[in-house]
Amino acid sequence: MDRAIIRQDCTEAIDLVFTSLTDRVEPEDGQVDRLRTALTGHVRELVRAVGKDVADATPGRPHEAVARGLALSERALAQPVRGDVVDLVALPQVARILLLMYEESTLFGAVPKQAALPGDAWGSADAG
């Protein structure tokens, strides 16, 4: 997962929405479709990653926040495609929320990931 590309796509989509709605500028051909496709893929990937990270989290408010974020994601993905910038209103925001939950998963109840030890970390000096 390339988080920089996710951020870039989110920023581009938000800029496109605001420019189109405030300045009444039509986006370039295919731009909305490209961003919608990219953001949909990012959201799906983040849903899997966040769900996996917090699957064994302790129940509580942080876990509930993740559950709500995942439910919001499912609703955003289920929206019918209109073919205009309105398709891009929710997806970047949802992707950003999920990206935060992924990057800060321990704040949302995920078990901290253990750093892998090198194969000889418990070398012969510890054996005796």
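Residues numbered from 1 in each chain as written. Predicted model: local features only at pLDDT ≥ 70, side-chain atom pairs only at ≥ 80, totals over all residues. Heavy atoms only, no water.

Draft legend 1. Looking closely at the overall build of the protein chain. Across its full length, the protein chain holds 4 helices and 0 strands. Taken from the N to the C terminus, the helices and strands of the protein chain come in the order α-α-α-α. Sorting the 128 residues of the protein chain into buried and exposed places 33% on the buried side. Nonlocal contacts in the protein chain, meaning residues at least 24 apart in sequence, comprise 77% of its contacts between residues at least 6 apart. Roughly 8,500 Å² of accessible area belongs to the protein chain as shown, and the carbon and sulfur atoms make up 54% of that amount. (Helix = DSSP H or I, 4+ residues; strand = E, 2+ residues; numbered from the N terminus. Buried < 20%, exposed > 50% of the residue type's maximum accessible area, 1.4 Å probe, protein only. Contact = heavy atoms within 4.5 Å. Areas by Shrake-Rupley, 256 points an atom, 1.4 Å probe, with all protein chains shown as cover.)

Draft legend 2. How the structure looks around the environment of Arg-36. Take Arg-36: it is sitting in helix 2 (residues 31-53). The contact partners of Arg-36, leaving out residues within four places of it in the chain, are Val-81, Gly-83, Asp-87, Leu-88 and Leu-91.

Draft legend 3. Molecular detail of the nonpolar core. Among the nonpolar cores identified, the biggest contains 28 residues, and Val-43, Val-50, Val-66, Leu-88 and Leu-98 are the most heavily contacted of them. Those elements that provide at least two residues to this core are helix 1 (3-23), helix 2, helix 3 (61-78) and helix 4 (91-103). A total of 7 residues in this core trace back to one element, the largest contributor, which is helix 2. If sequence neighbours within four positions are ignored, Val-50 has contacts with Val-66, Leu-70, Leu-98, Met-101 and Tyr-102. (Core = buried A, V, L, I, M, F, W, Y, C linked by side-chain atoms within 4.5 Å.)

Draft legend 4. Spatial organisation of the side chain of Thr-40. With respect to the secondary-structure elements, Thr-40 resides in helix 2. Judged by relative accessible area, which is 17%, Thr-40 ranks as buried. In this structure the side chain of Thr-40 is engaged in a polar contact, spanning 2.7 Å, whose partner is the backbone oxygen of Arg-36. In contact with Thr-40, other than residues within four places in its own chain, are Leu-77 and Leu-91. (Polar contact = N/O pair within 3.5 Å; in protein donor to acceptor, adjacent residues only side chain to side chain.)

Draft legend 5. Region of the structure containing the packing of helix 1 against helix 2. Viewed as axis vectors pointing N to C, helix 1 and helix 2 meet at an angle of 135°, and their least axial separation amounts to 10 Å. Put simply, helix 1 runs oblique to helix 2. Where helix 1 crosses over helix 2, the handedness of that crossing is left-handed. Of helix 2, the residues touching helix 1 (which contributes Ile-5, Ile-6, Asp-9, Cys-10, Glu-12, Ala-13 and Leu-16) are Gln-31, Val-32, Arg-34, Leu-35, Ala-38, Leu-39, His-42 and Leu-46. (Axes fitted to C-alpha atoms, helices over the stretch in contact; angles between N-to-C directions. Parallel < 35°, antiparallel > 145°, perpendicular 65-115°, else oblique. Left-handed = near helix turned anticlockwise from the far one by under 90°.)

Draft legend 6. Region of the structure containing the packing of helix 2 against helix 4. Viewed as axis vectors pointing N to C, helix 2 and helix 4 meet at an angle of 30°, and their least axial separation amounts to 9 Å. Taken as axis vectors, helix 2 and helix 4 run roughly parallel relative to one another. As helix 2 packs across helix 4, the resulting crossing turns out to be left-handed. Where helix 2 abuts helix 4, its residues Arg-36, Leu-39, Thr-40, Val-43, Leu-46, Val-47, Ala-49, Val-50 and Asp-53 lie against Leu-91, Pro-92, Val-94, Ala-95, Leu-98, Leu-99, Met-101 and Tyr-102.

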